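What the coordinates show
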Amino acid sequence: MAASEAVPYAKTGGLADVVTALAMELSKFGHHVTLLLPGYRGQATQNTRRVVMRFSALVAGKKADVTVEEEFVPVMDASHPLRVFLVRHDPYFDRPGLYQEDHQDYPDNLERFLLFCRAVLHVLRILTEVQGEEVDVLHLHDWQTALCSVYLKALPDEYNGLQKIKTLLTVHNLGYQGIFPAEEFVKTGLPPSLFSPSDLEFFGSINCLKGGIIHSDAVSTVSPTYAKEIITAEYGCGLEGVLSGRIDGVRGITNGIDTTVWSPEHDSHLPARYTAANLAGKQVCKRALQEEFGLPNLDVPVLGVIGRLTFQKGFDLLIEIIPELMSLELQIVFLGTGDYNLEQRLREAQAEYSGKIGLYIGFDEGLAHRVEAGADMLIMPSRYEPCGLSQLYSLRYGTVPIVRRTGGLADTVVSFRPSTVKSKSATGFHFIDASSDALLSTIILALYVYEEHGMWNSMIKSGMSADLSWERSAMQYTKLYRAISKETRDRPSEC
Ligand code: ADP
């Protein structure tokens, strides 16, 4: 498995949680998983880590020295640990950010991830050709690793020992495609013929994700609804034609959550722990959260907001209705970082309503846990959401999600309506239009239901007991790995 981030090594978003949790779950199933990651700055160092490979890889016509460090991570309930390889090339990866600094993408991101892809394939070559290991499937995540499939297919002579390996590309967010100017194509070392509209070219630029979608043996994404959405012009970000052109389709496999990390019963980030049967600790978490954000300890609903401050997440819709919300009995706590303009608007709102709005601009893992536990409701007004993890964590923590009905939010939150109330299956609230009016009326509905303690507690309990584990998803991935591996085994040999 190759990815640009994975906890606890590096994280900017949900991808990092997903990659590690999936790799661990697959290990429990008995698969031998090796996780390949760039060796960034400041990774939690373990004294068990050792250098196992040194080689040079070609990028932009130059040779770059690569060091690979190996580490074994124990996996509970698995007979063997997870092997992690950190691919180091300090000029590219020993930097303050993963992809950007001061809100600006690194200008050499193409080279950085080209090198990573080349290094991944080099590692596979050493494993298979020198160390005699068998590799069945290379599971790639997002644009940063998508070019591995392209190199395997387009440079068969260079990678002839790896031709049996099947590739699965999982798209975690179609909004990030790895688009670079055409002049940089020469850096890839790929045949110039691949820079065409039927391949890596995308409106005159290079599109790494598009290359991966075309050249991988299978493509998946992280929820069934998002899999359907991305083959439409509204959500396809220009790649709807390429995605719908795959005859095997795009599989949607919903993410789970790592319940060893995200569990209100055991979470060491919380001031008190709790279960669905005894929610007393949640009240302690709420009071502590109010204090942490400098808000008065009032018995009013607390709305939590966590996430990257980007257009995708729709937080601007929420910012627009802050004056209306401030006339109601509630408090809001925001944890996020991203778009400077949104950060500024939040700072201004917090300054104006300091007794009712708490704000932390930045990334703080522990605080994310405390918001999930201490808030009563979590707001996710995403314009699109491939899967979304924050709402899954909130379900687990008894914090009722209010979400836009899109992608994984539609698949994982059961909306409040007469039939779901009757069957006690409602776990949250959906709204459909990406508008601040729709969001406001849904928040107002949720505030009414909050006052109906019996109904509210029933929603909390349904959410907390939902099956959000990785087991089911990992089984689906296993089926997909087997399906793509089987295709080759069953294919008659050429005459
Ligand atoms: P995405 O991957 O699009 O960012 P997800 O909902 O899938 O969105 O995952 C977001 C993950 O990142 C969650 O684990 C969430 O807790 C975490 N996260 C987002 N912003 C922050 C932040 N500012 N501080 C701490 N954790 C954050």
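Residues numbered from 1 in each chain as written. Predicted model: local features only at pLDDT ≥ 70, side-chain atom pairs only at ≥ 80, totals over all residues. Heavy atoms only, no water.

1. Observations concerning the domain arrangement of the protein chain
Domain parsing of the protein chain yields domain 1 (14-256 + 472-490) and domain 2 (280-468). The partner domain 2 presents 23 residues to the 19 residues of domain 1 that form the contact. When the two sides are added together, the surface that domain 1 and domain 2 hide from each other amounts to roughly 1,400 Å², 51% of it contributed by carbon and sulfur. Connecting domain 1 to domain 2 are 0 salt bridges. If you look at where domain 1 meets domain 2, you find 11 residue pairs in polar contact (both at pLDDT 80 or more). Where the side of domain 1 that touches domain 2 is concerned, the elements lending two or more residues are α1 (14-28) and α6 (224-229). If one sorts the elements of the side of domain 1 that touches domain 2 by residue count, α6 sits on top with 4 residues. Residues belonging to the side of domain 1 that touches domain 2 are distributed by class as follows: 6 nonpolar, 10 polar and 3 charged. (Domains from an automatic or database assignment. Contact = heavy atoms within 4.5 Å. Buried area = accessible area lost by both parts, 1.4 Å probe. Salt bridge = Lys/Arg side-chain N within 4 Å of Asp/Glu carboxyl O. Polar contact = N/O pair within 3.5 Å; in protein donor to acceptor, adjacent residues only side chain to side chain. Helix = DSSP H or I, 4+ residues; strand = E, 2+ residues; numbered from the N terminus. Nonpolar A, V, L, I, M, F, W, Y, C, P; charged D, E, K, R; others polar.)

2. Examining the packing of helix α4 (residues 143-154) against helix α5 (residues 208-215)
Direction vectors running N to C along α4 and α5 enclose 50 degrees, while the axes themselves pass 7 Å from each other. The orientation of α4 relative to α5 falls into the category oblique. Crossing hand, α4 versus α5: left-handed. On α5, the residues that touch Trp-143, Ala-146, Leu-147, Ser-149, Val-150 and Lys-153 of α4 are Cys-208, Leu-209, Gly-211, Gly-212 and His-215. Partitioned by chemical class, the residues of the contact of α4 with α5 number 6 nonpolar, 4 polar and 1 charged. (Axes fitted to C-alpha atoms, helices over the stretch in contact; angles between N-to-C directions. Parallel < 35°, antiparallel > 145°, perpendicular 65-115°, else oblique. Left-handed = near helix turned anticlockwise from the far one by under 90°.)

3. Brief notes about the sheet that holds strand β10 (residues 201-202)
Strand order in the open sheet formed by 3 strands is β9-β11-β10, with antiparallel pairing between adjacent strands. Where the open sheet ends on each side, the last strands, each with one partner, are β9 (179-181) and β10. Of the pairings in the sheet, the one linking β9 to strand β11 (residues 205-207) comprises 3 bridges and is antiparallel in character. Its bridge partner being in β11, Ile-179 is matched across the sheet by Asn-207. Of the strands in this sheet, β9, β10 and β11 are in contact with α5, which crosses β11 at around 50 degrees. (Pairing = 2+ DSSP bridges.)

4. Topic: the packing of helix α16 (residues 436-451) against helix α17 (residues 453-464)
Following both chains from N to C, one finds α16 and α17 inclined at 105 degrees, their axes separated by 5 Å at the closest point. Judged on the interaxial angle alone, α17 and α16 are roughly perpendicular. The residues of α17 that touch α16, namely those facing Ala-446, Val-449, Tyr-450 and Glu-451, are His-453, Met-455, Trp-456 and Met-459.

5. Observations regarding the site of the ligand
In the region of the ligand, 19 residues are neighbours, and Gly-14, Arg-308, Lys-313, Gly-362 and Leu-389 sit closest. Residue Lys-11 places a side-chain N or O atom 3.0 Å away from an oxygen atom belonging to the ligand. Asp-364 is positioned such that a nitrogen or oxygen atom in its backbone is 3.0 Å from a nitrogen atom of the ligand. Here the ligand has 560 Å² of accessible area as a free molecule, and 93% of this is covered by the chains. When residues in the shell around the ligand are grouped by element, the largest group, 3 residues, is from strand β14 (residues 302-309). (Near = heavy atom within 4 Å. Areas by Shrake-Rupley, 256 points an atom, 1.4 Å probe, with all protein chains shown as cover.)

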